[in-house]
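# Coordinate inspection notes
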Amino acid sequence: MRRVAERPLTGYGYAAFWGPHSEPAAFVRQETQWIVPSAHNGWIDLLVQVGWPGAFLVGAILAIAALCLIVRLPHQGAA
């Protein structure tokens, strides 16, 4: 989350943070003393890649899709 706080609006770019030659990822790996392959949490990984606005948009899309599913589900099969 410290790395997210460094770039909260833009993130580090999609699939750019955990690359083999990434300096921020190298710092995390040095700090934890093991080769960390990812954030091990999808939302934190999304935050570090696309920032808070991108994560908010993904969450909004998921919420809208879930709401559409709930609204349409009772009407399935009634044709």
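This write-up is about the structure you can find in this document.

Scoring rules and cut-offs
- Along every chain, residues carry numbers that run from 1 in the direction the sequence is written.
- Confidence filtering applies because this is a predicted model: local features only for residues at pLDDT of at least 70, side-chain atom pairs given and counted only at 80 or more, and all residues used for totals across whole chains, interfaces and linings.
- Note that the side-chain values use all heavy atoms of the structure and ignore hydrogens as well as water.
- Numbering goes from the N terminus for both helices and strands, where a helix is a DSSP run of H or I of at least four residues and a strand is a run of E of at least two.
- Throughout this description, buried means an accessible area under 20% of the type-specific maximum (1.4 Å probe, protein chains only), exposed means over 50%, and partly exposed covers the range between.
- Each nonpolar core is a collection of buried residues, namely Ala, Val, Leu, Ile, Met, Phe, Trp, Tyr and Cys, held together in the definition by side-chain atoms within 4.5 Å.
- Only heavy atoms matter for contacts: two residues are in contact if any of them lie within 4.5 Å across the pair.
- Any two rings among Phe, Tyr and Trp, with Trp reduced to its six-membered ring, count as a pair given centres within 6.5 Å; such a pair is stacked if its planes are under 30 degrees apart, edge-to-face if over 60, and tilted if neither.
- The span you would expect from a helix comes to 1.5 Å times its residue count less one.
- To get the bend at a residue, fit one axis to the 7 residues ending there and another to the 7 starting there, then take the angle between the axes.
- We define a polar contact as two N or O atoms separated by no more than 3.5 Å, with the added condition that, inside protein, one atom must be a possible hydrogen donor and the other a possible acceptor, whereas residues neighbouring each other in sequence contribute only through side-chain atom pairs.

## Some details on the environment of Gly77
For Gly77, the position within the fold is in the segment after helix H3 (42–72). For Gly77, a relative accessible area of 81% translates into the label exposed. Separated by 39 residues in the primary sequence, Gly77 and Ser38 have C-alpha atoms spaced 42 Å apart.

## Looking at the nonpolar core
Listed in full, the ten residues of the largest apolar core are Val4, Tyr12, Phe17, Trp18, Ala25, Val28, Val36, Leu47, Val48 and Ala55. With three residues, H3 is the single largest residue contributor to this core. When neighbours within four sequence positions are excluded, Ala55 is seen to be in contact with Trp43, Leu46, Leu47 and Val50.

## With respect to the packing of aromatic side chains
What characterises a pair of aromatic rings is the spacing of the ring centres plus the angle enclosed by the ring planes. As enumerated under the stated definition, the model contains two aromatic pairs in all. Among the aromatic residues, ring-to-ring pairing joins Tyr12, Phe17 and Trp18 into one connected group.

## Re H3
In this model, H3 (31 residues) spans only 28 Å end to end at C-alpha, well below the 45 Å of a helix rising 1.5 Å per residue. At Val50, H3 shows its largest bend, some 120 degrees, and a proline, Pro53, comes one to four positions later. Residues Asp45, Leu47, Val48, Gln49, Gly51, Gly54 and Ala55 constitute the buried set of H3. Lining the buried residues of H3 we find helix H1 (2–6). The opening residue of H3, the one whose side-chain oxygen lies 3.0 Å from the backbone nitrogen of Trp43, is Asn41.

Just geometry here; none of it tells us what the structure is for.
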